[in-house]
Amino acid sequence: MSRRPVLMIALIIMIIIAIITVAVFVFIRNQVESQIMDGPDMIDGNPLGQPITTTDPDPATDPGAPTDPATDPGTPVAAAPVPLPEGVTLTGLKFNQSGSWMGPWFTLRKTEDGFEARIGYSQLFWEEMDGADYETEAYWANGSTVREEEQRAAEGDYSDRVSRVHCSEEEVAELLDSLLAYNVLSWDGFDESESAPPGVLDMDDRFDFRLLFSDGSTVSAEGYNCVPPGFNEVSRLLYDFFTAREDYSAYYPAEFPEAGEVRRLYIACPAYSVPGMPYFKVELTRGRKQWIFVLEDPHGDFFTKGFSVSDYAFVDDEDTLPFADFLDLLREYGFAERNGQSSSDGDSRQYLEIRLYYENGQEYEYITNEYPANYETFQKACVNLMYEKYRRLSEN
């Protein structure tokens, strides 16, 4: 087939497209000119050709009103904070936020010379607002029983330790002013919950918030996967206030204990077992009359290559547990003076962890990967002692 007819057809099609384009353009131009000549037809709510005036929308009535960049960009401006009646002061506060993780419990309580601020990590810490004493049976029975608590103590579990520090009235007054700025008085009565979306397994965020004032009034709010306005800011404010003041030094006495004063001894390096790396652990628990030894030496640094022991057992007489031998070793290598002086920087797989839990509830804690100068000789002596005591105890 000759190429000439094909070219002619393509040319005719291009001419037709050009004619249609010009016709559409002329039609649109005529429509616009007609509107201008006929009068002020409305376009987008304004007469065509008339000046468009603007007014600032009212945030109270217009949900699309601009936000205040001084507060939270993207969030409508909050209502003005509700003030406290004149002369009313704060006498108590409690706050906890937790979920699949256990968050700390914060409390403030009025004292004769200011306030006592406490931080705890157990719901047993959430005692009644009426001032129940920590040492009373009623307190320990809140969420548990005295018998259960005594059993935990017998096993050397003192996870309910509490930081207790003094705060001045000026410090608490400043904190209260900051809380009121976030309109926490409007939270009273907030109690909402929402189930996690399908397929979301770790959405389990709950909170409890209480305020008590000198006139007897209270603010009470709680939620499950729901929070009131300003919650994130209040949570950060309280966390910063309390953690900046936390002090657990009362749990770390300067005096190193004697064997009979220790309920549980724990020495491990590193802090947890990693396949292919040396790992040594001894754990003695007086209440259970139990010993645990783990010795992993894959490279033969202390024993033959591939040496591995992981064993535990119970004894008839708790006095046969070698508390005294390991305490003497810690004294010999200078660890008695390092209580509460933990330091770490880097890979937790290299931590040395030493913990002693006393009969009276106090503790010794030293966790570090900044090893002391005599660490290598201590490690060898400790591993040899572990092996010696393991062989003696496992034969009985």
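Residues numbered from 1 in each chain as written. Predicted model: local features only at pLDDT ≥ 70, side-chain atom pairs only at ≥ 80, totals over all residues. Heavy atoms only, no water.

1. Let's talk about empty space enclosed by the protein
Stage number 1. Inspection of every chain in the model, using the stated rule, returns one cavity of 30 Å³ or more.
Stage number 2. Quantified by volume, the largest cavity comes out at close to 60 Å³.
Stage number 3. What lines the largest cavity is Ile267, Ala268, Cys269, Phe280, Leu352, Tyr375, Phe378, Gln379, Cys382, Val383 and Met386.
Stage number 4. Counting only elements with at least two residues in the lining of the largest cavity, the list comes to strand 10 (262-269) and helix 7 (375-395).
Stage number 5. The residue makeup of the lining of the largest cavity, split by class, is 10 nonpolar, one polar and no charged. (1 Å grid on protein atoms, 1.4 Å probe; cavity = no way out; pocket = protein on both sides within 12 Å on 5 of 7 lines; lining within 4 Å. Points joined across faces, edges and corners; volume = space filled by probe spheres on them. Helix = DSSP H or I, 4+ residues; strand = E, 2+ residues; numbered from the N terminus. Nonpolar A, V, L, I, M, F, W, Y, C, P; charged D, E, K, R; others polar.)

2. Focus on the sheet that holds strand 12 (residues 290-297)
Stage number 1. A sheet is described by the order of its strands in space; here six strands give the open sequence 13-12-11-10-14-15, paired in antiparallel fashion. Bordering the open sheet on either side are strand 13 (307-314) and strand 15 (363-368), each of which pairs with just one other strand. Each strand of the sheet is rotated relative to its neighbour by a mean of 5 degrees, with strand direction disregarded.
Stage number 2. Relative to strand 11 (residues 279-285), strand 10 runs antiparallel, the two sharing six bridges. Each residue of the ladder has a partner; that of Cys269, found in strand 11, is Phe280. (Pairing = 2+ DSSP bridges. Axes fitted to C-alpha atoms, helices over the stretch in contact; angles between N-to-C directions.)

3. Let's talk about the packing of aromatic side chains
Stage number 1. Going through the model one piece at a time under the given rule, you end up with 21 aromatic pairs.
Stage number 2. Clustering of aromatic rings is evident, with ring pairs tying together Phe95, Trp187, Phe190, Phe207, Phe209 and Phe231.
Stage number 3. The ring of Phe115 has Lys110 sitting right over it, with the charged end atom 5.5 Å from the ring centre.
Stage number 4. For Arg338, the ring lying beneath its charged end belongs to Phe335, and the centroid distance is 4.9 Å. (Phe/Tyr/Trp six-rings, centres within 6.5 Å; stacked < 30°, edge-to-face > 60°. Lys NZ or Arg CZ within 6 Å of the ring centre and 35° of its normal.)

4. A look at the pattern of salt bridges
Stage number 1. Under the definition given, this model contains 16 salt bridges.
Stage number 2. Salt-bridge contacts for Lys110 lead to Glu169; the nearest nitrogen and oxygen are separated by 3.1 Å. With Lys110 in strand 4 (residues 105-111) and Glu169 in helix 4 (residues 169-181), this residue pair connects regions lying 59 residues apart in the sequence.
Stage number 3. Using a relative accessible area of 34% as the deciding quantity, one classes Lys110 as partly exposed.
Stage number 4. For Glu169, a relative accessible area of 41% translates into the label partly exposed.
Stage number 5. Several salt bridges converge on common partners, so that one network encompasses Asp208, Arg210 and Glu222. (Salt bridge = Lys/Arg side-chain N within 4 Å of Asp/Glu carboxyl O. Buried < 20%, exposed > 50% of the residue type's maximum accessible area, 1.4 Å probe, protein only.)

5. Digging into helix 7
Every α-helix carries 3.6 residues per turn, so stepping three or four residues along brings you back to the same face.
Stage number 1. Taking 1.5 Å per residue, 21 residues should reach 30 Å; helix 7 reaches 30 Å between its end C-alpha atoms and fits that length.
Stage number 2. Taken together, the buried positions of helix 7 are occupied by Tyr375, Phe378, Gln379, Cys382, Val383, Leu385, Met386, Lys389, Tyr390 and Leu393. Down the axis of helix 7, the sector holding all buried residues measures 165 degrees, keeping them to one side. Turned more than 90 degrees away from the buried face of helix 7, the exposed residues are Glu376 and Glu395.
Stage number 3. For helix 7, the elements touching its buried residues are strand 10, strand 11, strand 12, strand 13, helix 6 (323-332) and strand 14 (352-358). (Expected span 1.5 Å × (residues − 1). Arc of directions from axis to C-beta. Contact = heavy atoms within 4.5 Å.)

6. A word on the sheet that holds strand 3 (residues 90-98)
Stage number 1. Pairing is mixed in the open sheet, where seven strands are placed in the order 6-5-4-3-8-9-7. Taken across any chain shown, the strands that pair with only one partner, and hence form the sheet edges, are strand 6 (163-167) and strand 7 (191-193). Strand after strand, the sheet turns through a mean of 10 degrees between neighbouring axes, direction not considered.
Stage number 2. Examined bridge by bridge, strand 7 and strand 9 (residues 218-224) share three bridges and lie parallel to one another. Looking at strand 9, one finds that Asp191 is bridged to Glu222.
Stage number 3. The strands touched by helix 4 are strand 3, strand 4, strand 5 (114-120), strand 6 and strand 8 (206-213); relative to strand 6, the strand with the most contacts, the crossing angle is about 95 degrees.
Stage number 4. Where helix 5 (residues 231-243) meets the sheet, it contacts strand 3, strand 4, strand 5, strand 6 and strand 8, and its direction lies at approximately 110 degrees from that of strand 3.

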